[in-house]
Amino acid sequence: MRNLAAVSALALLLAGCTYVPLNPQLQHSPDLKTGYRWATTTIPKRTSNTLVILTFSGGGTRAAGLSYGVLKQLDATAMPDNRKLLDYVDVISSVSGGSFASMDYGMRGRQMIADFESKFLQVPVQSMLIKAAFFTPKNVIKLLFDPNFHRIDVATQLYQDVLFGTATFDDLLQQQNTNDRPLIIANATELEIGSRFEWTQDQFDVICSDMLPITVAHAVAASSDFPVALPPMILKKYDASTCKYKAPSWLAAARDEDEYLYPLRTRYATELEAYLDPQRTYLHTLDGGIADNIGLRGPLHALRSSDTFAQPEGKLTGMTFLPLLNHVRDVRAIDRVLVIVVNAGAAGPVSIDNTSREPKLKAVLGGISGTPMDNYSFDSIQLLLDTVGKRVDSGVRYYPVVISFPLLRDKNLRDLVNNIGTSFNALTNEQLNGLKQAADILIHQDPCFQQFVRDANGQPTPPGASPCASAPPPP
Amino acid sequence: MDEWIEVTFPEVRDVLVDDTVLGTTNEPMMLERGHHTITLGGAQNYTSPPMPVAIFNTSRNQPMVLVFTLP
């Protein structure tokens, strides 16, 4: 009876809770010298003429494990200055499961390479989440009676407990600046706009919000917020006038004049306008895989366009690589671009087409949601290859590397990794070793990766070497 | 989609595309297809006003040439 009274009292207390946004309002005008963004990192100031971009796809612990395997391979790849290729990574753009690996690397650097297996990949996160959401009384009561507490908050707390602690984007920025780590871009999807929502201050400026006090676990939770199983993460959208956000000057022309000349640019403009719509007072973000399941679209846009959500301040800009590729004066000059796309998309065994029976609802829903994502991922990679393939005479050499299970020639290994489900279950030793082996094989068999390593180390191309299709022919 | 322009001017200046410094005068520079406004950095002592242009169907070998002149 006493317990019931306590619960009732707690319920009444929680029911009276007022809404407190997880994202605070920006207290000053957008400033490219502050916040977690391209312009405040050490990346644009680096002296290396090699730009290294990684993208990590979604796919639960399968994606996290493959991404981790690639990071390990980069850490084992020597560069001529006695550093490792891992030290050259400038940007990691990630989605869902891949965001666990990228964010943990951004926070802890090589320590992550040392213990990510035991801290995350072999931890039964999914069952811990179910237990926390449905069988932990404290959370069950809060979920029942607190309108501001949702299952996604349980997930965020769990990710804090397991991996990220209460580290914030302010901490991530300090880690980046102090240790010259990559810019980590965790991507989510804005549900109603249907666009990519990236966890950088360039994006948060548009909603007049300050992301520095927010924990990185929130970004990873949003990036991996699997629809239906978890509700959207809700962000407060403060009106653009509250921080005097000034729309960049490209917006009007791209919106009003380019719809027939170059619709891709107009689409980007309409996305920015949608974020600025004063009727939109909240954002509902879900798994980044809905908008782009391989995390490639942001870096690809930066390779192709100077349009960003940020208003340039002198030579400070939002994330665009064009000034670097064009060798703008007093800006880092890039002569080589290595893009490694880590795609953990899996083709499971035949499970519908081996019978005439009506497929189960789960299988149908899986096909409906997965097919557009897979097709879009393929198109994104093709767009990357087409883009760099047309730049053979640009003066910059490109090395697009694709890490993808269908490229595995060993059927047993291919079947092993393909059959790792999309979940946050702990990987078995066999699965973990398979993913590490797949990363090793896939990166080293890629002709563009081989060519990059040779070029970086000044080694000649041996006769009969597979050509990197986007690289110019040897002189 | 990549396009190319070259801004000619008697002095070495930064070239701004929609307020972003994207290149240097008298050198070909890559930018995205579409409508853009081209200006020069540094002292505004040139006669050409900000130049709105539609850029398409160019290449590195055949860039759109934009001429800015001193007064």
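Notes on the structure follow. Note that the coordinates shown come from a computational prediction; the quantities given were computed from them, not determined experimentally. (Residues numbered from 1 in each chain as written. Chains lettered and ligands numbered in written order. Predicted model: local features only at pLDDT ≥ 70, side-chain atom pairs only at ≥ 80, totals over all residues.)

### A short note on the overall build of chain A
Consideration 1: Secondary structure assignment for chain A yields 18 helices and eight strands.
Consideration 2: Taking 475 residues into account, the globule formula puts the C-alpha radius of gyration at 23 Å, and chain A, at 23 Å, falls close to it.
Consideration 3: Structurally, chain A occupies a C-alpha span of about 85 × 55 × 45 Å along its principal axes.
Consideration 4: Residues counted as buried form 48% of the 475 residues belonging to chain A.
Consideration 5: Expressed as a percentage of contacts within chain A between residues at least 6 apart in sequence, the contacts between residues at least 24 apart total 80%. (Helix = DSSP H or I, 4+ residues; strand = E, 2+ residues; numbered from the N terminus. Rg over C-alpha atoms; globule rule 2.2 N^0.38 Å. Buried ≥ 20, exposed ≤ 12 C-beta atoms within 10 Å, placed from the backbone. Contact = placed C-beta atoms within 7 Å.)

### Points about the sheet that holds strand β1 (residues 2–8) of chain B
All names here are of chain B.
Consideration 1: Spatially, β4-β1-β7 is the arrangement adopted by the three strands of the open sheet, whose pairing is mixed. Pairing within the sheet leaves two strands with one partner each, and these edge strands are β4 (28–32) and β7 (64–67). Neighbour-to-neighbour, the strand axes of this sheet turn through a mean angle of 35°, independent of strand direction.
Consideration 2: Looking at chain direction, β1 and β4 are connected through five bridges and run antiparallel. Paired with Asp-2 across the bridge in β4 is Glu-32. (Pairing = 2+ DSSP bridges. Axes fitted to C-alpha atoms, helices over the stretch in contact; angles between N-to-C directions.)

### Regarding the nonpolar core
Consideration 1: Counting residues in each nonpolar core, the largest one holds 143 residues, and the members touching the most others are Val-216, Val-220, Val-341, Val-401 and Ile-403 of chain A.
Consideration 2: For Val-341 of chain A, the residues in contact, after removing those within four places along its chain, are Thr-55, Ile-294, Leu-296, Ile-381, Val-401, Val-402 and Ile-403 of chain A. (Core = buried A, V, L, I, M, F, W, Y, C linked by C-beta atoms within 7 Å.)

### Here's the deal with the pairing of strand β7 (residues 336–343) of chain A
Residue and element names in this part refer to chain A.
Consideration 1: Counting buried residues in β7 gives seven out of eight residues, a clear majority hidden from the surface.
Consideration 2: As paired elements, strand β1 (residues 50–56) and β7 share seven bridges and run parallel to each other. Bridge pairing links Ile-53 to Val-339 in β7.
Consideration 3: In this view, the connection linking β7 to its parallel neighbour strand β8 (residues 397–404) by way of helix α15 (residues 361–389) has right-handed handedness. (Right-handed = clockwise from strand over helix to strand, strands pointing away.)

### Comments concerning the interface of chain B and chain A
Consideration 1: With 23 residues of chain B at the contact, the number on the chain A side is 26 residues.
Consideration 2: When residues of the side of chain B that touches chain A are traced back to their parent elements, those giving at least two are β2 (14–17), β3 (20–24), β4 and β5 (34–40) of chain B.
Consideration 3: Taken together, the residues of the side of chain B that touches chain A break down into nine nonpolar, seven polar and seven charged. (Nonpolar A, V, L, I, M, F, W, Y, C, P; charged D, E, K, R; others polar.)

### Describing the packing of helix α2 (residues 60–75) of chain A against helix α3 (residues 97–108) of chain A
Residue and element names in this part refer to chain A.
Consideration 1: Between α2 and α3, the least distance of the axes is 6 Å, while the angle of their chain directions is 40°. On the basis of their axis angle, the class for α2 and α3 is oblique. The crossing of α2 and α3 is right-handed. On α3, the residues that touch Gly-60, Thr-61, Arg-62, Ala-63, Ala-64, Ser-67, Tyr-68 and Leu-71 of α2 are Gly-97, Gly-98, Phe-100, Ala-101, Ser-102 and Tyr-105.
Consideration 2: Of the residues contributing to the contact of α2 with α3, the split by class is seven nonpolar, six polar and one charged. (Parallel < 35°, antiparallel > 145°, perpendicular 65-115°, else oblique. Left-handed = near helix turned anticlockwise from the far one by under 90°.)

### A few points about the sheet that holds strand β6 (residues 51–55) of chain B
By way of backbone hydrogen bonds, the strands of a sheet pair with one another, either parallel or antiparallel.
Residues and elements named next belong to chain B.
Consideration 1: Here we have four strands laid out as an open sheet, ordered β3-β2-β5-β6, and antiparallel in their pairing. Either end of the sheet is taken by a strand with one partner, and the two such strands are β3 and β6. For this sheet, the mean angle separating the axes of adjacent strands, direction not counted, is 40°.
Consideration 2: Bridging between β2 and β5 involves three bridges; their strand directions are antiparallel. Residue pairing in the sheet places Leu-16 in a bridge with Thr-39 of β5.

### What about the environment of Thr-270 of chain A?
Residues and elements named next belong to chain A.
Consideration 1: Structurally, the position occupied by Thr-270 is in helix α12 (residues 263–276).
Consideration 2: Look at Thr-270 and you get partly exposed, because 16 C-beta atoms sit within 10 Å.
Consideration 3: With 44 residues separating them along the chain, Thr-270 and Phe-226 place their C-alpha atoms 26 Å apart.

### Focus on the environment of Leu-32 of chain A
Residues and elements named next belong to chain A.
Consideration 1: Considering the arrangement of structural elements, one finds Leu-32 in the loop between α1 (2–15) and β1.
Consideration 2: For Leu-32, a count of 21 C-beta atoms within 10 Å puts it in the buried group.
Consideration 3: As for Leu-32 and Asn-412, which are separated by 380 residues in sequence, their C-alpha atoms are 50 Å apart.
Consideration 4: For Leu-32, the residues in contact, after removing those within four places along its chain, are Ala-39, Ala-310, Glu-313 and Leu-316.

### So, the packing of helix α7 (residues 151–164) of chain A against helix α10 (residues 216–223) of chain A
All names here are of chain A.
Consideration 1: Put simply, α7 and α10 touch, their axes get as near as 9 Å, and they point 125° apart. What the angle tells us is that α7 and α10 run oblique. When you trace α7 past α10, the crossing you get is right-handed. Across the interface between the two elements, Ile-152, Ala-155, Thr-156, Tyr-159, Gln-160 and Phe-164 from α7 touch Val-216, Ala-217, His-218, Val-220 and Ala-221 from α10.

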